[in-house]
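# Coordinates in review
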Amino acid sequence: MGPPPSENRRRRNKDEAAEFGASVQVDTELHGPELPHALLYGPRTLNWYETWRRAPQAGAFVPTDWQRLHMLAPLVDLFFLEPSVKLLSEIRLNESLLGATHADRLRARIKIEPQTSRPGAAQGVTSLETRRRRKIADGA
């Protein structure tokens, strides 16, 4: 058995990378540049790219992140035309590095904060969505 717990005990294996995490806020902004040569891509690829432009973490993207998405667009387009495990694996790997899923964001220490207030929302007025949730919770 080890020594008894001490009130003054310190954690010596501090998470040194914790300070490098990013906090982004949910917003309605469209981030980043338009997809170059958009006319070359199918509608599902364009939708994929626009989804990334609207993602909260895209607000923290730098030019190299957008370049990565631009490089992925042809692979995504090809995947939609001819799905393959190899293409999906490459797409998934690259999207993971950009924080695509909840688990990816946890690993990257990206925290998505809820939007503090919706643009154009009246102060002190309950949103219809909140009212509906309350109604469901109350069993009505």
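Use the structure listed above.
Anyway, here's the lowdown on the structure attached to this text. (Residues numbered from 1 in each chain as written. Predicted model: local features only at pLDDT ≥ 70, side-chain atom pairs only at ≥ 80, totals over all residues. Heavy atoms only, no water.)

Before going further, it helps to examine the overall build of the chain. The helix and strand inventory of the chain stands at 5 helices and 2 strands. The secondary structure elements of the chain, listed N-terminal to C-terminal, are β-α-α-α-α-β-α. Excluding contacts between residues fewer than 6 apart, the proportion of contacts in the chain whose partners are at least 24 apart in sequence is 64%. Counting only carbon and sulfur atoms, one obtains 55% of the accessible surface of the chain, whose full area is about 11,100 Å². (Helix = DSSP H or I, 4+ residues; strand = E, 2+ residues; numbered from the N terminus. Contact = heavy atoms within 4.5 Å. Areas by Shrake-Rupley, 256 points an atom, 1.4 Å probe, with all protein chains shown as cover.)

Once that is clear, we can look at the environment of Pro74. Summarising the element assignment, Pro74 is placed in helix H2 (residues 63–81). Under the relative-accessibility criterion, Pro74 is labelled partly exposed at 39%. For the pair Pro74 and Leu40, spaced 34 residues apart in sequence, the C-alpha to C-alpha distance is 9.0 Å. (Buried < 20%, exposed > 50% of the residue type's maximum accessible area, 1.4 Å probe, protein only.)

Turning next to the environment of Arg107. Mapped onto the secondary structure, Arg107 falls in helix H4 (residues 102–108). Residues Arg107 and Ser96 lie 11 residues apart in sequence; the distance between their C-alpha atoms is 9.6 Å. Separated by 2.6 Å, the side chains of Arg107 and Asp104 make a polar contact. (Polar contact = N/O pair within 3.5 Å; in protein donor to acceptor, adjacent residues only side chain to side chain.)

Right, let's talk about the side chain of Asp65 for a bit. Looking at the secondary structure, you find Asp65 in helix H2. No salt bridge is formed by the buried Asp65; the nearest opposite charge belongs to Arg68, separated by 7.1 Å. Setting aside anything within four residues of it in sequence, one finds Asp65 in contact with Ala60 and Leu98. (Lys, Arg positive; Asp, Glu negative; His and termini not counted. Salt bridge = Lys/Arg side-chain N within 4 Å of Asp/Glu carboxyl O.)

What follows deals with the packing of aromatic side chains. As enumerated under the stated definition, the model contains 5 aromatic pairs in all. Relative to Trp66, the ring of Tyr49 lies with its centre 6.1 Å away and its plane at 65°, an arrangement referred to as edge-to-face. Of this pair, Tyr49 sits in helix H1 (residues 43–54) while Trp66 sits in helix H2, and the two are 17 residues apart along the sequence. Overall, Tyr49 belongs to the buried group, its relative accessible area being 1%. Cluster of aromatic residues (ring-pair linked, three or more members): Trp48, Tyr49, Trp52, Phe61 and Trp66. (Phe/Tyr/Trp six-rings, centres within 6.5 Å; stacked < 30°, edge-to-face > 60°.)

On to the side chain of Thr45. The residue Thr45 is located in helix H1 in this model. According to the relative accessible area criterion, Thr45 is buried, its value standing at 0%. Setting aside anything within four residues of it in sequence, one finds Thr45 in contact with Ala73, Val76, Asp77 and Phe80.

This part is about H1. Relative to the 16 Å expected for 12 residues at 1.5 Å per residue, H1 spans 16 Å between its end C-alpha atoms, a close match to the ideal helical length. Listing the buried residues of H1 in full gives Thr45, Trp48, Tyr49, Trp52 and Arg53. One side of H1 holds all its buried residues, which, seen down the axis, span an arc of 140°. Exposed side chains of H1 directed beyond 90 degrees from the buried face belong to Pro43, Arg44 and Asn47. (Expected span 1.5 Å × (residues − 1). Arc of directions from axis to C-beta.)

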